[in-house]
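Next come the chains, spelled out residue by residue.
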Amino acid sequence: MKKLLAIFVCFLTLFSCGSSSTSNGKYLTLNLSEEGKTIDTALQTDVSSGDLHQFISEGLTKIDPKTKQPVPGLAEKYEISEDGLTYTFHLRDGIKWSNGEAITANDFKFAWLRALDPNTAAPYAYMLYPIKNAEKFNNGKASKDEVGIKVVDDKTLEVKLEAATPYFLSLTAFVTYMPVNEKFFNECGDKFALEPDKLLYSGPFKMVSWTHNSEIKLVKNENYYDKDKIKLDGVNIKFIANPAAALNAFKNDEIDFTALTAEQYDEYKDNPNLHKVLMATNWYLEFNHKEKFLGNTNVRKAILLAINKEELTQTVFNGINDPAYTFTPKGVGMPGLKTNDFATEIGVSAPKFNASEAKACLEKGLKELGLSKAPVISIILNDSGLNKKIGESIQEYLRVNLGIEVKIETMAFKERLARMESGQFDMVLAGWGADYQDAMTFLDLLESTNGNNHGKYSNPEYDKCIRLAKSTPNKEERYLAMKRAEEIIASDIPIALLFQAKHNYIVNEKLNNFSFSAIGPEFLMNYADFK
């Protein structure tokens, strides 16, 4: 899922309390840093909630931990029409919710229509837009009966698309596509998904306790169809923001693996149990385009040009992360027209650091705005990981190179999400990780109607490119439309690209049958075991 990386999750840590395998069974303990705003599949957008759902929810498809490709999940098989516009999913025999009730095709239809219902205001509703008339229903221009979702019978779901969507089977593994039991949802009312007994579970594990902002405990779901292949007896999830404490726990043999910060990396760089992952994750400054000063293109360009990304990645990350010059990350298998690296193939690059050009752009922007001096602006960020250090570096670059005073506001993760969603910010340090293996998982974020376009960027040409790329069956036309979208980002500077993340994990040598992923959940651990 990924998902809103508003929290700096490079320091995700997985914990195991004491010995991972004991007389009481095999338990893995995870640290998700900070609790997300909600675990409602229609409303969640953050990484920690998405990572939780990989354990407790399953869709029609799921991501294979070895190939990282979608494979059958709750659907045993599916057929795709020759024109790629109709998908027919056949559910497995005997699949059940955690309460023993049957999982049916209607559970998917209900969940998808609920996410699309304008009254739900789901930020990820656009993920369902490939479905015929889904966008129109979400915008109040069609009825739910016109949406291309048909329950043929309890075990068969037919889905019609607006256009051939090569990554649709990856979408059906995404959290917004998870099923919801309509009867149970109605019984819960506004308490749905707020406590363990207010959620039903379709995945390998179920929640048995939830101490908010502290700990979640999961146990194996006895009604999961593939339970015999699940070796873990349970998963404990904690919310611990301090990466130094995590490494100390690893050194004391209290945890199974941990993600290393830039400062911690050198100690383990030659360790055979170090796992290195280039992430399909880019970090950037998101501007509030409703603010007069930051709504000016030359001002935004000045800010981007004033930030020395090559130096920042060295001083803050010891060279581990890479400067980013396209919104779509490089080297992570995003298909282009002729290669599997769209970002490299298009040959587009955002402007690079240039202090003198930055000053000239600022002067031009101030003149256009009728201002003699830049106003004081703020950057908001959550108070974990290296966020503050990144913010201080940006603050200094803008002070030295542009004479702009920047105030840093640190806050809890939930507060920052709320500030972003309500538009109460000037700039925000944000990131985005790919939800599926296609450049569109990044590019449609800046479409004017996208629920995750917190800065309210709006460009009719950009919107046209995204609509075309989503609707055309012509691969070259689609590629050129997405390339043009990247060109607009490079010239219009709706966001200031900063860096592409790399994660380094040090792992207990006894842990096996797991993997780390650049796309979707950062770790795939449902089938993990201990030697």
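Criteria and cut-off values
Residues numbered from 1 in each chain as written. Predicted model: local features only at pLDDT ≥ 70, side-chain atom pairs only at ≥ 80, totals over all residues. Heavy atoms only, no water. UniProt positions renumbered as here; feature names shortened; annotations may be inferred. Helix = DSSP H or I, 4+ residues; strand = E, 2+ residues; numbered from the N terminus. Rg over C-alpha atoms; globule rule 2.2 N^0.38 Å. Buried < 20%, exposed > 50% of the residue type's maximum accessible area, 1.4 Å probe, protein only. Phe/Tyr/Trp six-rings, centres within 6.5 Å; stacked < 30°, edge-to-face > 60°. Lys NZ or Arg CZ within 6 Å of the ring centre and 35° of its normal. Axes fitted to C-alpha atoms, helices over the stretch in contact; angles between N-to-C directions. Parallel < 35°, antiparallel > 145°, perpendicular 65-115°, else oblique. Left-handed = near helix turned anticlockwise from the far one by under 90°. Contact = heavy atoms within 4.5 Å. Nonpolar A, V, L, I, M, F, W, Y, C, P; charged D, E, K, R; others polar. Expected span 1.5 Å × (residues − 1). Pairing = 2+ DSSP bridges.

The name given to the chain in an unreviewed UniProt entry is Solute-binding protein family 5 domain-containing protein, with the source organism recorded as Sneathia vaginalis. Comment text from UniProt for the chain, heading Subcellular location (unreviewed entry), reads "Cell envelope". Looking at the Sequence similarities (unreviewed entry) heading of the UniProt record, one finds this comment for the chain: "Belongs to the bacterial solute-binding protein 5 family."

Caption draft 1: Spatial organisation of the overall build of the chain. On a plain count of helices and strands, the chain comes out with 16 helices and 24 strands. On C-alpha atoms alone, the chain measures out to a radius of gyration of 23 Å, which is about the 24 Å that the 2.2 N^0.38 rule sets for 531 residues. Seen through its principal axes, the chain has C-alpha atoms that stretch 70 × 60 × 45 Å. Looking at the chain as a whole, 60% of its 531 residues are labelled buried.

Caption draft 2: Representation of the packing of aromatic side chains within the structure. Tallied over the entire structure, the rule returns 26 aromatic pairs. An angle of 80° between the planes, with centres 6.0 Å apart, marks the rings of Phe168 and Tyr177 as edge-to-face. With relative accessibility at 0%, the residue Tyr177 sits in the buried group. Their ring planes at 70° and their centres at 5.0 Å tell us that Phe185 and Phe192 sit as a pair that is edge-to-face. Here Phe185 matches Phe192 in class, with each residue buried. Above the plane of the ring of Tyr325 lies Lys309, whose end atom (NZ or CZ) is 4.0 Å from the centre.

Caption draft 3: Inspection of the packing of helix 9 (residues 309-317) against helix 12 (residues 387-402) at higher detail. One can describe the packing of helix 9 onto helix 12 by two numbers: an axis separation of 10 Å at closest approach and a directional angle of 140°. As far as their axial angle goes, helix 12 and helix 9 are oblique. The handedness of the crossing between helix 9 and helix 12 comes out as right-handed. Contact with helix 9, carried on its side by Glu311, Leu312, Thr315, Val316 and Phe317, involves Lys389, Ile390, Ser393, Ile394 and Tyr397 of helix 12 and no other residues of that element. Across the contact of helix 9 with helix 12, the residue classes break down as six nonpolar, two polar and two charged.

Caption draft 4: Just the environment of Glu263, in detail. Position of Glu263 relative to the elements: it lies in helix 7 (residues 262-268). Counting along the chain gives 19 residues from Glu263 to Ala244, while the straight-line C-alpha distance between them is 9.9 Å.

Caption draft 5: Seen up close, the UniProt feature "domain: Solute-binding protein family" (unreviewed entry) in the chain. Using the residue numbers shown here, the UniProt feature "domain: Solute-binding protein family" (unreviewed entry) corresponds to residues 69-453. In this annotation, residues 69-453 is assigned 29% helix and 21% strand; the end-to-end C-alpha distance for the span is 28 Å.

Caption draft 6: Quick look at helix 2 (residues 105-116). Taking 1.5 Å of rise per residue, the 12 residues of helix 2 would be expected to cover 16 Å, and the 17 Å separating its terminal C-alpha atoms lies within 8% of that figure. Taken together, the buried positions of helix 2 are Ala105, Asp107, Phe108, Phe110, Ala111, Trp112, Leu113, Arg114, Ala115 and Leu116. Buried residues along helix 2 sit in contact with strand 8 (86-91), helix 3 (134-138), strand 9 (149-153), strand 10 (156-160) and helix 5 (182-188).

Caption draft 7: Summary view of the sheet that holds strand 10. Ordered by their spatial adjacency, four strands build an open sheet running 7-8-10-9, and the pairing between neighbours is antiparallel. Looking at the sheet topology across the chains shown, the edges are occupied by strand 7 (75-80) and strand 9. Direction aside, neighbouring strands of the sheet carry axes that sit 20° apart on average. Of the pairings in the sheet, the one linking strand 9 to strand 10 comprises four bridges and is antiparallel in character. Looking across to strand 10, one finds that Asp153 is bridged to Thr156. Against the sheet, helix 2 engages strand 8, strand 9 and strand 10, with an angle of about 165° to strand 9.

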